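# Observations on the model geometry
Okay, here's what each chain looks like letter by letter:
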Amino acid sequence: MAYPFFDIETKWQKYWDDHETFKTDDSSPGPKAFILDMYPYPSGAGLHVGHPEGYTATDILSRYRRMKGYNVLHPIGWDAFGLPAERYAMQTNIHPRITTEQNISTFRRQIKMLGLSYDWSREINTTDPKYYKWTQWIFLQIYHSWFDPRSKKGRPIQTLIEELERQGTKGLISEEKFSAEEWKRKSKKEKHDFLANFRLAYIAEIPVNWCEALGTVLANEEVAEWTEKGYTVERRPMRQWMMRITAYAERLLEDTKELDWPASTLEQQRNWIGRSEGASIKFKVSSGAESHGARGAHSKLEVEVFTTRPDTIFGATYMVLAPEHPLASEITAAEKKKEVEEYVKQASMKSDLERGIEKEKTGVFTGGFVINPATNKEIPVWIADYVVMGYGTGAIMAVPGHDERDFAFAKEFQIPVVEVVSPKGSSTGGNVAHEAFTGDGALVNSANSDVSLNGLNAEEAKRKITQWLEKEKIGSGTVQYKLRDWLFSRQRYWGEPIPIIHLEDGTMKALSENELPLLLPDLKKFQPSGTTESPLALAAEWVNVVDQTSGMKGRRETNTMPQWAGSCWYYLRYLDPRNGNAFCSPELEKKWMPVDLYVGGAEHAVLHLLYARFWHKVLFDLGYVSTKEPFIKLRHQGIILGEDSRKMSKSRGNVVNPDEVVREYGADAMRLFEMFMGPLEEMKPWSTRGVEGVFRFLNRVWRLYVTEEGALDSAVKEMPVSPELELIFHTTVKKAGEDIECLHFNTAISQMMILVNELTKSDVRPRQILEPLVLLVAPFAPHLAEELWSKLGHKESLAHEPWPVYDESKLQKKTVEVVVQVNGKLRAKMTVALDTPEETLKKLALAESNVQAHLDGKQVVKEIIVKNRLVNFVVK
RNA sequence: GCCAAAGUGGCGGAAUUGGUAGACGCGCUGGACUCAAAAUCCAGUCUGGCUUACCCCAGGUGAGGGUUCGAGUCCCUCCUUUGGUACCA
C-alpha cells in the first residue's frame, strides 16, 4: 500500500501555516540568505509544470540553508498587471482586478499545495495600490534625475538646475549653449523643455511599434514575442515616455563582469547593449550637383557618419543616409526630389522587420555629393533603407571593398569598388571585384599628401587615421551602443498610472509624494479608446484636473507603465513589504541585499533582467540602495517538455497539470521528480514513469520507518552500525550537502537512493542513521520528512533542526580497488589496503594471472603507478 | 550568416586534477509472493564474440584527426541539435 501522502501533506501544510514556520525574522541570528524566485504572472490557466521546477530548486536550497543556521528570506508575490487580464476584460467587461484576484487565489492554492516554504507574510502584488504607490514613486525619482556624464552617475535634476543657475551650460554637453544669466531669463516653459533633454524619464516623438489589434505600442524587445503570436506591428511616430537607459549602457556592460550568471545570459545582455568602438567622421557636402568635380566649392553642410572601420576610409566610394535622415531632403538635388521622396515614403511604411526580410538592396541616388576627407574626392550620396536611423548617426560611409552590405549595394547600382585592405600574403588583391574582404590584412591605396596608412594592419591603421581625423578636427574616436532608450508607456488600462499632469501651458507637473498612489479610476468598459490613447482617456473626471498651486487646467497622463515596471524593483519590497513611509527601509536594504540566488526562466535574459539592473543602478546612484547590482548569482531552470519530447501545448495535448500529478502521487513525489529529471538548467521531457519511480523511492523510505499499521517500526533501534553502512551514510551526508549548494539536485537524490537501497537490504535498521536520513530528505520531500520526524518522537517541526554532519574519518575506506592496465587496457582489478605502497602494488599487479598473460613475451618499457588508483605497464 | 551552449545504452541522465565509461532512475527479461492480478521483493540488462561460467577477447561517449603510458574529459577540423541574434555600419 502506498504511504498516505494526501493526509500527510495537508496536515503539514496546515501546521506550517498555523505556526508560521517559515516567517522570516529580520533580527534572527545567522548569516543572511536572500533566495529569490522570479515571481509569476498569475494567468487564468493556473500553474504549469515549469513553475514548480525553479520554485522547488530554491525551496530546497532555502530549507537546507535554514538547517545550516542561515537566516533565510524566501518570498513570493504576483506580477499581476498586464495585457492578458485586460484583454479578458475587453471581452467580458469583468474588471481586471476581479480576474486578477481569482487567478492569484488559484496560484496561491497551487503553490501552497507544493509545500514551498515561502514567508507568506511578505506576499506582494504589483496591482495593490500600496505596492504601486512605490512603483510610481520610483518613476518620479527617475523623472527627477539626470545622468551626469562627468561622474557617470544619475543625480537629482535639482543639481543640474543649480549648475545652470551658477554657470549656464559651460560644463555640459548640450546642443544649446547659454550663460547663467540667459538661463535665468528663460521662461518656465523654456526651462522645462531644456531640462527634458536631460531627465532619465522623458517624452519623445519617435517612431514606435504600434499594434492595432492590441491597441498599444510595444517596446523593441517585445515586438518579436507578439509577431510570433500572429499580431501585426507597424511603425508610426508617436509621443511616448522613454527611459534614458542608454546613459547607463557602459555601466550595464561593465558590471556584467561581476555577475555570477549563466554565460549565455551575460552574452545576450552584452550583445543587446552592443558596444562598438570606431570613429565618427564629418563629411562636407558639395555645394550642389552642378559643382560635381569642382573642388573646394564646399557648402557649410556636413554629414556625420559612424564607422567601426575608419581605417578603410580611403575606400569609401559613396555615402548612404537612412531614409529618415534629417539632411536627406537638403542634400537631394532638385531634379531628384520626386524620386527620393517616393523612396522615403515607401521605406517609412515598412517596419524594421520587413526591411530586414528583404535581401535585395534598394536605394536611390540623391544627386548630391560629399567630400571624402581622406581622398578629397567627391562621392555620391545615396538613400537606402539598409541604413537605419536609430543606430549611430543614421549615415554611413560605404566601403564596398570591405563590407558585404556595401558591396552588395555597390554591385546593384554599379558604384566603383576600391581595394584598401589586401589580404596578407597575396600581393594582388584583385578579389574585391568579386566579394568584399572583411578580414585583417595590409592597407593599400590609402595615402594622401598628409597621411599614409599603407602597409599597416587594421588596428594600427585605425589608430593612425583616428589621430589624423582628430588633428584635422573632422572626426574623433567614438563608442556606439546598439541599446536604445526604453519605450516606457503603454496605451493600456491595467498598468500603473504615470503620475504626471500635462498643464495647459505645455509644461508637465509631477505629482508630489503625498499625492501617491495615483489610483487607477474604475472603468465600465475596457475597450481601447479608439484613438491611440489608452482607455484611461475616457475617464473624463479622472483625466481633467486643475492644478492647485497655479490654478491652471491640466490633463493627466493617460498612458500607463509597461508590465516590467513592477518587476524592476519587487525584490526590494520583500525586504519591508508593509512600510508605508518608504519603498524599503535603508536598514533592511543593507541587511538583505544583494539577492544571493535568483532563479527564473531564460526568457527574461534581456528584458526584465536588464531593466531591473537599470533601475537598481539609478536607485544606487541616488543613494537608496547600497549595492550596484541587485542579483549576484542567477540561474535559469530549463524548459520541461511534454512526454513526447515536444514543447508542451494545448494543441498537442501534451500538457501536464500539476494538480493531477499531486493528486496521484503527492507533492513530495512531484518535487522530487522535477529535481531528479536532470540538471536544473537543461531542457528535459516529462515522464510519468519517472514520477512513479521517485514515488516508489518515497514509499521505500516510508517503509524503512513505518509498519503496515502506521506505527514506528520496531526494527528501528539503537544498534551498532556496520562500517560499510557507515561509509555510505557519511558519503551521502557529504554529497547531499555539497550537491545542494551547487544546485545539483539530481545527483544528491541518487546518492540518497543508494543509502536507502542499502538500508532496505537489512531487517534491522540503526536509529543513528535513520534520524539524520530524515533530515537529509527534508529539503526535497518536506511533508514526508516532517511526518517521519514526528513518528520518531520529535514534537517540533524539523525545519530548523541542524543539518547532519559527516565525519571525515568515516569516509576513509580501509581498502581500495586498484586497476591494472597493460598498454592502457584494463587487465585486472585488485582490492588492496588503502595507501598500499607503489612497490607492493607493482608486485601484486605482476602476480595477477591475466596480467602475466598480457606481459608474456613482451618487454616492459615503462610503469605508471598511481597510489590507490592504478598500475599501468607499457610493453613492446 | 554570426554568437553561445550541448551531443554518452532502448529512455532521463552519472562520471574529482585526464586514471575501472554507463552511478541512480525508467523500461525490459527472469524469478519469489498470489487462485490470479496489483503492489512489493530478489537477480539480470552497452554491443559483438567465445564459453560450463558474472572467465576472457574485441569494439564502444556525434564524425575524423592529434597530444598522452592512458582521453567522455585537453587541442584542431567537420556534422547535428537547441537557444539568441540578424542589414547595427
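Residues numbered from 1 in each chain as written. Chains lettered and ligands numbered in written order. Predicted model: local features only at pLDDT ≥ 70, side-chain atom pairs only at ≥ 80, totals over all residues. Heavy atoms only, no water.

## Side note on the side chain of Ser 649
Following the sequence through the fold, Ser 649 ends up in the loop between β26 (640-641) and α22 (658-665). Here Ser 651 takes part through its side chain, which lies 3.2 Å from a polar atom of the side chain of Ser 649. Setting aside chain neighbours within four positions, we find Ser 649 in contact with Asn 654 and Val 655. (Helix = DSSP H or I, 4+ residues; strand = E, 2+ residues; numbered from the N terminus. Polar contact = N/O pair within 3.5 Å; in protein donor to acceptor, adjacent residues only side chain to side chain. Contact = heavy atoms within 4.5 Å.)

## A short note on the pattern of salt bridges
Scanning all chains against the criterion turns up 46 salt bridges. For Lys 617, the salt bridge identified is with Asp 255, shortest N-O distance 2.5 Å. With Lys 617 in helix α21 (residues 607-621) and Asp 255 in the loop between α10 (249-254) and α11 (263-273), the pair connects residues that are 362 residues apart, well separated along the chain. Lys 617 gets classed as buried once you look at its relative accessible area, which sits at 0%. When the shortest N-O distance is used, the salt bridge between Lys 471 and Glu 472 registers 3.9 Å. The exposure class assigned to Glu 472 is partly exposed, which follows from its relative accessible area of 34%. (Salt bridge = Lys/Arg side-chain N within 4 Å of Asp/Glu carboxyl O. Buried < 20%, exposed > 50% of the residue type's maximum accessible area, 1.4 Å probe, protein only.)

## As for the sheet that holds strand β2 (residues 71-73)
Here four strands make up an open sheet; going across it, the order is β2-β1-β24-β25 and the pairing parallel. Where the open sheet ends on each side, the last strands, each with one partner, are β2 and β25 (634-636). Direction aside, neighbouring strands of the sheet carry axes that sit 20 degrees apart on average. Of the strand pairs in this sheet, strand β24 (residues 597-600) and β25 are connected by three bridges, and their pairing is parallel. Within the sheet, the bridge partner assigned to Val 599 lies in β25 and is Arg 635. The sheet contacts of helix α2 (residues 50-67) involve β1 (32-37), β2 and β24, and relative to β1 the element is tilted by about 170 degrees. (Pairing = 2+ DSSP bridges. Axes fitted to C-alpha atoms, helices over the stretch in contact; angles between N-to-C directions.)

## Details of the side chain of Ser 489
Among the secondary structure elements, Ser 489 is positioned in the loop between β19 (486-487) and β20 (500-503). Among the polar contacts made by the side chain of Ser 489, one reaches the side chain of Gln 240 at a distance of 2.5 Å. Within polar-contact distance, the side chain of Ser 489 engages the backbone nitrogen of Trp 241 at 2.9 Å. Every residue in contact with Ser 489, bar those within four places of it in the chain, is listed here: Val 217, Gln 240, Trp 241, Ile 498, Asn 559 and Thr 560.

## Topic: the state of the cysteines
For the coordinates displayed, the defined rule picks out zero disulfides. Looking at the unpaired Cys 584, the closest cysteine sulfur is the one in Cys 568, lying at 16 Å. (Disulfide = S-S within 2.5 Å.)

## Examining the domain arrangement of chain A
Parsing chain A into structural domains produces domain 1 (28-125 + 564-641), domain 2 (139-248 + 486-556), domain 3 (275-481), domain 4 (658-810) and domain 5 (813-875). Look at where the C-alpha atoms of domain 2 and domain 3 centre, and you get two points 36 Å apart. (Domains from an automatic or database assignment.)

## Description of the packing of α2 against helix α23 (residues 667-676)
Packing of α2 against α23 leaves a shortest axis separation of 9 Å and a crossing angle of 100 degrees. In terms of orientation, α2 and α23 fall into the roughly perpendicular class. Touching Pro 52, Glu 53, Thr 56, Ala 57, Asp 59, Ile 60 and Arg 63 of α2 are Met 670, Arg 671, Glu 674 and Met 675, all from α23. For the contact of α2 with α23, a count of residues per class yields five nonpolar, one polar and five charged. (Parallel < 35°, antiparallel > 145°, perpendicular 65-115°, else oblique. Nonpolar A, V, L, I, M, F, W, Y, C, P; charged D, E, K, R; others polar.)

## Digging into the pairing of strand β7 (residues 201-211)
In the sheet, β7 pairs with strand β9 (residues 234-243) via ten bridges, with the strands oriented antiparallel. Of the residues in β9, the one forming a bridge with Val 208 is Arg 236. The pairing of β7 with strand β8 (residues 216-218) spans three bridges and is classified as antiparallel. Each residue of the ladder has a partner; that of Asn 209, found in β8, is Leu 218.

## Quick notes on the protein's contact with RNA strand B
Around RNA strand B, the surrounding shell holds 50 residues, and the nearest of these are Thr 308, Lys 361, Arg 405, His 854 and Asn 872. Restricting the count to atoms of RNA strand B within 4 Å of the protein gives a sugar and phosphate share of 67%. The separation between a phosphate oxygen of RNA strand B and a polar side-chain atom of Arg 696 is 2.9 Å. For the surface near RNA strand B, the leading source of residues is helix α26 (residues 745-760), giving six residues. (Near = heavy atom within 4 Å.)

## Some thoughts on the environment of Ser 489
Ser 489 sits in the buried class, given a relative accessible area of 0%. In sequence terms Ser 489 and Ala 196 are 293 residues apart; their C-alpha atoms lie 16 Å from each other.

## Section: the sheet that holds β7
The strand order β8-β7-β9-β19 describes an open sheet built from four strands, whose pairing is antiparallel. Each edge of the open sheet is held by one strand with a lone partner, namely β8 and β19.

## A closer look at helix α27 (residues 767-777)
Residues three or four positions apart in an α-helix share a direction because the helix packs 3.6 residues into each turn. For α27, the buried fraction is high: ten of the eleven residues fall into the buried class. Regarding α27, the residues found buried are Arg 767, Ile 769, Leu 770, Glu 771, Pro 772, Leu 773, Val 774, Leu 775, Leu 776 and Val 777.

## Section: the pairing of strand β10 (residues 275-286)
Alignment of β10 against strand β18 (residues 475-481), held across seven bridges, turns out to be antiparallel. Within the sheet, the bridge partner assigned to Ala 279 lies in β18 and is Gly 477. Two strands pair when backbone bridges link them, and β10 and strand β13 (residues 364-372) are joined in this way by two bridges, in the antiparallel orientation. Its bridge partner lying in β13, Lys 284 is registered against Ile 371.

## Let's talk about α21
Here α21 is 15 residues long and its end C-alpha atoms lie 21 Å apart, about the 21 Å a rise of 1.5 Å per residue gives. Count one or two residues on from α21 and you reach Gly 623, which has phi positive near 85 degrees. (Expected span 1.5 Å × (residues − 1).)

## Points about the packing of aromatic side chains
Summed over the entire model, instances satisfying the criterion amount to 51 aromatic pairs. When the ring of Tyr 386 is compared with that of Phe 409, the centres are 5.3 Å apart and the planes differ by 45 degrees; the resulting orientation is tilted. Taken as a pair, Tyr 386 in the loop between β14 (377-383) and β15 (395-398) and Phe 409 in helix α15 (residues 404-412) lie far apart in primary sequence, 23 residues in all. An angle of 85 degrees between the planes, with centres 5.0 Å apart, marks the rings of Phe 673 and Trp 686 as edge-to-face. Pair noted here: Phe 673 is in helix α23 and Trp 686 is in the loop between β27 (684-685) and α24 (688-705), with a separation of 13 residues, a long-range link. With respect to class, Phe 673 is no different from Trp 686; both count as buried. Grouping aromatic residues by their ring pairs yields a cluster made of Phe 139, Tyr 143, Phe 147, Trp 241, Tyr 248, Trp 486, Phe 488, Trp 564, Tyr 611, Phe 614 and Trp 615. (Phe/Tyr/Trp six-rings, centres within 6.5 Å; stacked < 30°, edge-to-face > 60°.)

## Digging into unusual backbone geometry
Working note: non-glycine residues mostly have negative phi, and peptide bonds are mostly trans. Cis geometry marks the peptide bond from Leu 516 to Pro 517; its omega dihedral reads -5 degrees. Note that Pro 517 resides in the loop between β21 (508-510) and α17 (540-543). Positioned with a positive phi, Asn 823 is a non-glycine residue whose angle comes to about 55 degrees. Along the chain, Asn 823 falls in the loop between β30 (815-822) and β31 (825-833).

## A word on the environment of Pro 156
For Pro 156, the position within the fold is in strand β6 (residues 153-156). Considering only alpha carbons, one finds Pro 156 and Ile 142, 14 residues apart in sequence, at a separation of 8.5 Å. Not counting residues within four places of it along the chain, the set of residues in contact with Pro 156 comprises His 144, Ser 145, Trp 146 and Leu 622.

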